[in-house]
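Structural description and commentary
Single-letter residue listing:
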Amino acid sequence: MYYQEIADGPLKLVLDPIDLATNLGDSVHYTFIKKGTAYAEGFYQEDEVKLGDSVTFTLSLNNVEDLVSGKFDLNYLGDIYEYKDVKLNKEFANFAKENDLSVTLDDPVFSKDNFSSIVTVGASLEGEHAQGVTGNMNFIDVTFEVVSDLYYENRGNLGYGGVDTFTYQNITNEEVVIPTFIHDYYQFISKHAVVYGNFTPEAFMHEAGFPLTRDYEGLGVKAYAKGADGKVYNGTVDEHAQFEITDLPVSDKPYEIIIEVPGHLTTAQKVTVGKEKNGEIYGEMAQVYLQPNIAGDVNGDGVIDIMDVMRIVAMYGKDDKAMDINKDGIVDEVDIRYIEKNFLKVGPGVKKDPVEKLGPKGLNDFLQSLGLQPTEDN
Ligand SMILES: [Ca+2]
Ligand SMILES: [Ca+2]
């Protein structure tokens, strides 16, 4: 690096250590600043935080001259952290006391952008004073509470961006804007996981293989996880056939991830969530892959058999919500062909034998009674 680059402004350097196994390690951030340049730096008081803990961010000032008031915007993840309070750092408070200065903290101002919640905090020296603060000093502490631990960064921080700049007024009422850096971080101990993925509802698949856009929640699709202790954790589904289940406590015992689609066999998958590190299990975001939901179980008993056929036949040509597998407003050939295709299939974990015939009558007899030809290879 050249002196000129530093003289022109702070130079940021990121070193990515690569070990002998060529695993990319955590990168190390350095900022080089010309000696004497004014800047601010952020620190966290904690080395390790978990759900319910508080995190205190301290803004430290370097090489300021005659500061009489100052403020900054602090970005934080509003889903994870809840603002608690702002205080003068002890160092600043002691300095004020020793110099007979009274200091007023600004009321925090809250705002939001697309990425973050933002709190604007600051403080001013009160009354007449001959001089402001010069040199290096810890200024303000801002404290948050960890209200969710669905956070999985290796290096915990309050949010993207943190603090960009610190703005202060000096004794001659000039506004000075100085750069701010945060290289500090803490270990975030997450104990909850998120699982997500896609489901594949056979009667709502485009022939090209992707799910049709539908109000799956409105159609009664349910995604949930069942813990080893039987506890159920409900998830959400969106109109693109994606599901998400949050707040699963990490455990060394597996969860069963279950997707129910009306008119279809239920699908389920066992997964163990959480990443082990030094004997401790941490939360993670894990994608779960599930078998398709097979269409045809209109009575929801976990098997596709003659009972489903019978029900469809009874409602054939009508607009019956439960029997209309593909929800196009009519019970017709499309619906019964799913049953024909998947006849005698059984959902995962279902201990029930599908019934092939009703008395002497089988699937083909019912198809023929509707004027339909059985498919060749049936
Ligand atoms: Ca059935
Ligand atoms: Ca239909």
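Here, the structure is the one placed above.
Now for a quick tour of the structure. Remember, predicted model here, so these are calculated numbers, not experimental data.

**Digging into the overall build of the protein**
- A count of helical and extended segments in the protein gives five helices and 25 strands.
- Taking 21 Å as the expected radius of gyration for a compact globule of 378 residues, we find that the protein reaches 31 Å, considerably beyond that expectation.
- On the principal axes, the C-alpha backbone points of the protein span a range of 105 × 50 × 45 Å.
- Burial statistics for the protein: of 378 residues in total, 29% are counted as buried.

**Structural notes on unusual backbone geometry**
- The residue Asp-66 is not glycine, and still its phi comes out positive at about 50°.
- Turning to its location among the elements, Asp-66 is positioned in strand β5 (residues 54–76).
- When the 17 C-beta atoms within 10 Å are taken as the criterion, Asp-66 is described as partly exposed.
- Despite not being glycine, Lys-327 has its phi angle at roughly 55°, a positive value.
- Following the sequence through the fold, Lys-327 ends up in the loop between α3 (306–314) and α4 (333–341).

**Concerning the packing of α3 against α4**
- Running from amino to carboxyl end, α3 crosses α4 at an angle of 170°, the nearest separation of the two axes being 10 Å. Taken together, α3 and α4 sit at an angle that is classed as roughly antiparallel. Contact with α3, carried on its side by Asp-308, Val-309 and Ile-312, involves Asp-335, Ile-336 and Ile-339 of α4 and no other residues of that element.
- For the contact of α3 with α4, the class distribution of residues is four nonpolar, no polar and two charged.

**A look at the sheet that holds strand β15 (residues 222–226)**
- If you trace the four strands from one edge of the open sheet to the other, you get β16-β15-β19-β21, paired in antiparallel fashion. Edge positions in the open sheet fall to β16 (232–234) and β21 (267–271), since each of these has one partner strand only. Across this sheet, the average inter-strand angle for adjacent strands is 20°, counted without regard to direction.
- As defined by bridge partners, β15 adjoins strand β19 (residues 255–260) across five bridges and the pair is classed as antiparallel. Bridging from a neighbouring strand, Ala-225 pairs with Ile-257 of β19.

Here is what the cut-offs are and how they apply
- Residues numbered from 1 in each chain as written.
- Chains lettered and ligands numbered in written order.
- Predicted model: local features only at pLDDT ≥ 70, side-chain atom pairs only at ≥ 80, totals over all residues.
- Helix = DSSP H or I, 4+ residues; strand = E, 2+ residues; numbered from the N terminus.
- Rg over C-alpha atoms; globule rule 2.2 N^0.38 Å.
- Buried ≥ 20, exposed ≤ 12 C-beta atoms within 10 Å, placed from the backbone.
- Axes fitted to C-alpha atoms, helices over the stretch in contact; angles between N-to-C directions.
- Parallel < 35°, antiparallel > 145°, perpendicular 65-115°, else oblique.
- Contact = placed C-beta atoms within 7 Å.
- Nonpolar A, V, L, I, M, F, W, Y, C, P; charged D, E, K, R; others polar.
- Pairing = 2+ DSSP bridges.

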